[in-house]
Amino acid sequence: MKKTLTFLFALLIVASAWAYVDDALSFAYEAASPYVKKGFSVREDAWGGDLGVKDQQAVQAQLFKGNEYWFCLGTDVKGAVLSVNIYDSKGNLINVETTRAGRLSAVRVEPSRTGTYYAIVTVHKSPAERTGWALVYAYK
Amino acid sequence: MQYILNAVLAACLLVAANIPLHAQKPPETVDFSSFPAQSIDDVVVPVPSEVFIVLDKLGNPNWRLELRDSLGRQSGNRAQVALLLGTVIAEGFVAVEAEDSEMVKDIGRRVLSLSKAINVEKAVLERSKSITDKAEVKDWLAVRKEFDGALSDVKDAMLELGDDDLAQLVSVGGWIRGTEVLTSIIRKNYTTDSAELLHQPALVNFFTKKLDNLSNKRLAEDDLVDRIRKLLAAIAPLIGDGEGDAIPSENVTRIHKMTRDTVAAIAFKGA
């Protein structure tokens with residue numbers, strides 16, 4: 001009985017973890033939707049997870065010179081303040097334009113070189129202990 | 001009173017301009033060596049169209065010439081089927097660039113039959129139908145999105161089945177076919193700008209790491225997988241050490257020959 005309860009509890013934790021990543025992903029896609037109208041293709045693959053306040057997560061991206069990209073970040077936590085910034089492999093900031101509204105943030109970049117770049121997600125403040133986030137990108 | 005009105009006006013202007021009240025200027029530089037390893041996620045593998053559209057901007061490639069006559073034959077080997085599925089989905093992106101609706105429809109059907117062979121047919125059934133419908137009306141942007149979605153659905157379905165290894169093989173198969181097409185176009189009209197598109201060290205490292213750590217012993221020892229490990233090791237020194245390094249045309253030709261032969265090996269293994 002105890003084993004079953006432990007299993008069900010573990011299942012519940014996993015299910016709720018997926019639920020908040022899914023919610024955050026919906027917000028990330030919402031953040032990307034204005035750019036679809038401007039001819040950008042939004043990738044189906046996404047990054048996501050959860051972070052504590054002041055925590056950061058870097059994700060690697062292969063970007064191509066000649067393309068324009070929007071990285072769109074969403075969170076499931078109302079009142080949380082998150083940001084996404086893009087750096088080249090040497091650690092230099094390459095943001096061209098940033099926007100933020102509610103649970104959505106986005107940054108546009110136009111890489112001057114083809115290669116590896118890093119998107120850094122930061123939770124600046126949040127009413128929750130852990131803040132779910134999801135990041136998608138669009139290219140043109 | 002005037003003070004309060006000014007404050008309210010300022011707040012309204014900030015909201016209207018989407019400027020966060022808690023905005024913090026990001027640091028101009030960061031030191032990645034200070035990032036703990038677990039705080040850096042793996043690279044998302046780009047779909048071929050991300051690089052194909054750059055080629056379109058650089059020139060006017062003849063995409064129809066890049067399409068293969070045959071999509072290959074599947075054997076009973078799961079590694080071969082997963083790799084072949086990756087190459088076929090990549091072919092879908094080439095067919096979209098070529099705006100060849102009949103080819104796109106053939107590829108959609110082939111994606112479905114290959115998915116069936118590795119038990120993920122259900123995941124791509126809707127995609128396959130959607131690919132056909134959207135190719136019929138020549139909505140190329142939508143077809144491109146469906147191929148991206150098919151790739152993602154197949155990988156998700158494999159992960160659900162605990163087949164993470166096979167999911168990686170689909171990705172690497174797609175990347176190899178994409179690289180074959182990329183190098184084919186670059187070498188026909190070489191410029192340093194177009195060759196720079198091959199500078200993809202994070203992807204080569206990512207695939208190498210994944211293939212070196214396959215948990216399924218049978219897949220890990222598969223001769224096609226071993227061939228691809230060798231291919232990645234051979235490509236790594238040819239794609240430039242640093243961002244902006246020129247990649248000579250000889251390197252482009254070598255990468256093209258290696259990827260072309262590997263795609264042929266995947267397509268006709270055991271046939």
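This one's a predicted model, so the numbers in the text were calculated from it and none came from an experiment.

K.L.:
In this structure, what is going on with the overall build of chain A? I would like to understand it.
P.N.:
Along the backbone of chain A there are one helix and nine strands. When the helices and strands of chain A are listed from N to C terminus, the series reads α-β-β-β-β-β-β-β-β-β. Relative to its 140 residues, chain A shows a buried fraction of 51%. The contacts in chain A between residues at least 6 apart in sequence include a share of 80% that link residues at least 24 apart.

K.L.:
What's the story with the environment of Ala119(A) in this structure? I'm lost.
P.N.:
Structurally, the position occupied by Ala119(A) is in strand β8 (residues 115-125). As for Ala119(A) and Lys65(A), which are separated by 54 residues in sequence, their C-alpha atoms are 16 Å apart.

K.L.:
Which parts of the structure should I look at to understand the packing of helix α2 (residues 48-58) of chain B against helix α8 (residues 164-188) of chain B?
P.N.:
Residue and element names in this part refer to chain B. Where α2 meets α8, the closest approach of the two axes is 10 Å, and the angle between their N-to-C directions is 10°. In terms of orientation, α2 and α8 fall into the roughly parallel class. Residue-level contacts link Pro48, Val51 and Leu55 of α2 to Gly174, Gly178, Val181, Leu182 and Ile185 of α8. Taken together, the residues of the contact of α2 with α8 sort by class into six nonpolar, two polar and no charged.

K.L.:
So what exactly am I meant to see when it comes to the confidence of the model for chain A here?
P.N.:
Low-pLDDT stretches of the model should not have their predicted coordinates read in fine detail. Summary statistics for chain A give a mean pLDDT of 86 and a share of 85% for residues scoring 70 or more. In the predicted structure, residues 1-18 of chain A sits below a pLDDT of 50 and forms zero contacts with residues beyond four places in sequence or in another chain.

K.L.:
Is there a simple way to explain the environment of Ile186(B) in this structure?
P.N.:
Residue and element names in this part refer to chain B. Tracing the chain through its elements places Ile186 in helix α8. For Ile186, a count of 26 C-beta atoms within 10 Å translates into the label buried. Taking the C-alpha atoms as reference, Ile186 lies 13 Å from Ala246; in sequence the two are 60 residues apart. Sequence-distant contacts of Ile186, that is, excluding residues within four places in its chain, are made with Ser194, Ala195 and Val252.

Basis of the calculations
Here the residue numbering is sequential within each chain, running from 1 through the sequence in written order. Just so you know, chain letters begin at A and ligand numbers begin at 1, following the order they were written in. For this predicted model, a pLDDT threshold of at least 70 governs which residues receive local features, and a threshold of 80 or more governs which side-chain atom pairs are given and counted, while totals over whole chains, interfaces and linings are taken from all residues. Numbering of helices and strands runs from the N terminus, with a helix taken as a DSSP run of H or I at least four residues long and a strand as a DSSP run of E at least two residues long. Put simply, a residue is buried when 20 or more other C-beta atoms lie within 10 Å of its own C-beta and exposed when 12 or fewer do; between those, it is partly exposed, and each C-beta is set from the backbone. Distance between backbone-placed C-beta atoms decides contact: two residues are in contact if it is within 7 Å. Each axis is a line fitted through C-alpha atoms, and for a helix only the stretch in contact is used; angles between axes span 0 to 180 degrees, taken between their N-to-C directions. When describing relative orientation, an angle under 35 degrees is termed roughly parallel and one over 145 degrees roughly antiparallel, while 65 to 115 degrees is termed roughly perpendicular and anything else oblique. Here the term charged refers only to Asp, Glu, Lys and Arg, the term nonpolar to Ala, Val, Leu, Ile, Met, Phe, Trp, Tyr, Cys and Pro, and the term polar to all other amino acids, Gly among them. A residue's pLDDT is the predictor's confidence in that residue, given on a scale from 0 to 100.

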